[in-house]
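Chains, contacts and geometry: an overview
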Amino acid sequence: MLSLESKTNRDRPEIGQSNRILAVEDEDLIRDMVSLALEDEGYQVKTASDGQMALTFLHDPQLQPGEFPFDLIVLDLMLPQVNGLDLCRLLRQQGNPVPILILSAKGSETDRVLGLEVGADDYLTKPFSMRELIARCRALLRRHRFGFAAQPMVLQFGDILLYPQQCRVVVRGEEVNLAPKEFRLLELFMKSPRRVWSREQLLDRVWGFDFVGDSKTVDVHIRWLREKLEEDPSNPQYIITVRGFGYRLG
């Protein structure tokens, strides 16, 4: 149920902290309630009623490379013009790392998995309480802020260069396009080269602890990564299988 709960001890954003949220929702009542609840928590909120309007807000020509107009996107799936899945997929393909919280009336396992696979960071099923929405937004902002601040400018292993803040990967001097989960897998490997990761650990770190799909999705993404990184994917030199344990880089 959508509701605006009254709170006495609000955990408001810290002074000086950037917390700009884009709320994309075509239902007027839900959009207004989400905006009001987030603004009441001290966030700066901009709203869009369709996917095309959201894209206009997201593409700010005055920003420098690596800068983004929002710190979080709250995104409905069933949108006119450009739907939420396509918008999410497009943003990740363009290298936008800003966390995305999907709102949707579709709550099946398949729908949740699809939303996370195209690059969303969290998925909240309608109807929902504003208290849960705010808690999830706060967690995503905190996780992204601490993780982004700690990012090095570039990670390197052999002929692979990974630019965390730009979501770019260069292999043997040529840029390669990675899907969001592929990028996060490679980033995790490059931060801890030669560490062996089990499938369960990779699912937890890249897909999230609440992932409900098959662990074989890790194997599929590893195969895709090898096809993009290795000179001979059938004889990998970078992403190595450690039989009975998992995978490691190098």
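Residues numbered from 1 in each chain as written. Predicted model: local features only at pLDDT ≥ 70, side-chain atom pairs only at ≥ 80, totals over all residues. Heavy atoms only, no water.

**A short note on the packing of helix α2 (residues 51–58) against helix α3 (residues 84–93)**
Interaxial distance between α2 and α3 falls to 10 Å at its minimum, and their mutual angle equals 25°. Between α2 and α3, the angle falls in the class roughly parallel. Crossing of α2 against α3: the hand is right-handed. Contacts between α2 and α3 involve G51, A54, L55 and L58 on the former and, on the latter, L87, L90 and L91. Across the contact of α2 with α3, the residue classes tally to six nonpolar, one polar and no charged. (Axes fitted to C-alpha atoms, helices over the stretch in contact; angles between N-to-C directions. Helix = DSSP H or I, 4+ residues; strand = E, 2+ residues; numbered from the N terminus. Parallel < 35°, antiparallel > 145°, perpendicular 65-115°, else oblique. Left-handed = near helix turned anticlockwise from the far one by under 90°. Contact = heavy atoms within 4.5 Å. Nonpolar A, V, L, I, M, F, W, Y, C, P; charged D, E, K, R; others polar.)

**A word on the nonpolar core**
In this structure, V169, L186, F189 and I239 are the most contacted members of the largest nonpolar core, which totals 27 residues. Counting residues per element, the ones that place at least two in this core are β6 (155–157), β7 (160–163), β8 (168–171), α6 (180–191), α7 (199–207), α8 (216–229) and β11 (246–249). Core analysis: the second largest hydrophobic core is formed by 23 residues, A54, L75, L77 and V98 among them. (Core = buried A, V, L, I, M, F, W, Y, C linked by side-chain atoms within 4.5 Å. Buried < 20%, exposed > 50% of the residue type's maximum accessible area, 1.4 Å probe, protein only.)

**A closer look at the packing of α6 against α8**
Where α6 meets α8, the axes come as close as 10 Å, and the angle between the chain directions of the two elements is 80°. Of the possible angle classes, the one that applies to α6 and α8 is roughly perpendicular. Listed contacts from α8 to K181, E182, L185, L186 and F189 of α6 are H221, I222, W224, L225, K228 and L229. A class-by-class count of the residues in the contact of α6 with α8 yields seven nonpolar, one polar and three charged.

**Concerning the packing of aromatic side chains**
Counted according to the given criterion, the structure contains one aromatic pair. Each ring, one from F157 and one from Y238, has its centre 6.2 Å from the other, and the planes form 70°; the classification is edge-to-face. A residue pair is termed long-range when its members are at least 10 positions apart, and F157 in strand β6 and Y238 in the loop between α8 and β10 (239–242) qualify at 81 residues. Taking relative accessible area as the criterion, F157 reaches 14% and is therefore assigned buried. Looking at Y238, the relative accessible area reads 10%, which means it is buried. (Phe/Tyr/Trp six-rings, centres within 6.5 Å; stacked < 30°, edge-to-face > 60°.)

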